Amino acid sequence: MNYANIEQVREGLLSGDLVLSTNACVGVDCYEDFLEKMSREEVRSIGDTVAQACWEKLPGCEVNIMGSYRRGKSSSGDVDVLLTHPKYIKTIPRGALGELVSRLKHRGNIAHHLTHVEGMRESYPESEKARQEEEETLSSE
């Protein structure tokens with residue numbers, strides 16, 4: 001069957017006639033959200049949230065919002081963030097990006113993510129001891 005619109009795709013998924021990857025299903029679930037544009041203020045707020053979470057693990061990290069925001073557009077469909085650190089020129093601390101994504105997801109800042117990288121986890125360490133052990137692991141690399 002051919003699918004001409006999002007409603008038909010959703011019907012195909014519900015009936016079992018259509019099977020999509022997990023990432024594609026996120027796209028179907030969030031289709032209307034992807035059509036909406038964000039103001040520069042909202043993009044800046046998201047960038048600030050990412051920066052705060054990043055600085056907790058990597059003090060001194062530079063966080064720059066890129067893409068349409070950097071080009072001065074009045075609205076954006078997504079937020080592109082570039083993270084750099086003077087200590088890490090050719091590599092990043094093992095698991096750092098995954099930890100950042102997990103931290104943001106745990107705090108409710110991320111509803112879905114489409115990538116799985118080292119350091120990501122389904123649950124976030126709740127105990128202080130677990131957090132300290134994680135910090136020691138990341139800071140030793």
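Think of each chain on its own: its residues are numbered from 1, step by step along the sequence as written. Confidence filtering applies because this is a predicted model: local features only for residues at pLDDT of at least 70, side-chain atom pairs given and counted only at 80 or more, and all residues used for totals across whole chains, interfaces and linings. Side-chain metrics rest on all non-hydrogen atoms present in the structure, leaving aside hydrogens and water.

Draft legend 1. Structural view of the environment of I46. Tracing the backbone shows I46 in helix α4 (residues 40-57). Linking I46 and D78, residues 32 residues apart in sequence, is a C-alpha distance of 9.9 Å. In this analysis, two residues are considered to be in contact whenever any of their non-hydrogen atoms come within 4.5 Å of each other. Excluding residues that lie within four positions of it along the chain, I46 makes contacts with M38 and V79. Strands are runs of DSSP state E lasting at least 2 residues, helices are runs of H or I lasting at least 4, and numbering of each runs from the N terminus.

Draft legend 2. Main features of the pattern of salt bridges. A pairing counts as a salt bridge when a side-chain nitrogen of Lys or Arg comes within 4 Å of a carboxyl oxygen of Asp or Glu. Inspection of every chain in the model, using the stated rule, returns five salt bridges. Notably, a salt bridge pairs R44 with D48, separated by 3.4 Å at the nearest N-O pair. Of this pair, R44 and D48 both sit in helix α4, four residues apart, roughly one helical turn. For the salt bridge of R103 with E99, the shortest nitrogen-to-oxygen distance reads 3.3 Å. Of this pair, R103 and E99 are both found in helix α6 (residues 96-106), four residues apart, which corresponds to roughly one turn of the helix. The exposure class assigned to R103 is buried, which follows from its relative accessible area of 7%. Classification of E99 by relative accessible area gives buried; the value is 3%. Each residue's exposure class comes from its accessible area (1.4 Å probe, protein chains only) as a fraction of the maximum for that residue type: buried when under 20%, exposed when over 50%, partly exposed otherwise.

Draft legend 3. View of the state of the cysteines. For this text, the term disulfide refers to a pair of cysteine sulfurs within 2.5 Å. On inspection of all chains with the given rule, the structure shows zero disulfides. Distance from the sulfur of C61, which forms no disulfide, to the nearest cysteine sulfur (C54) is 3.4 Å. Take C61: its relative accessible area is 7%, and that puts it in the buried class.

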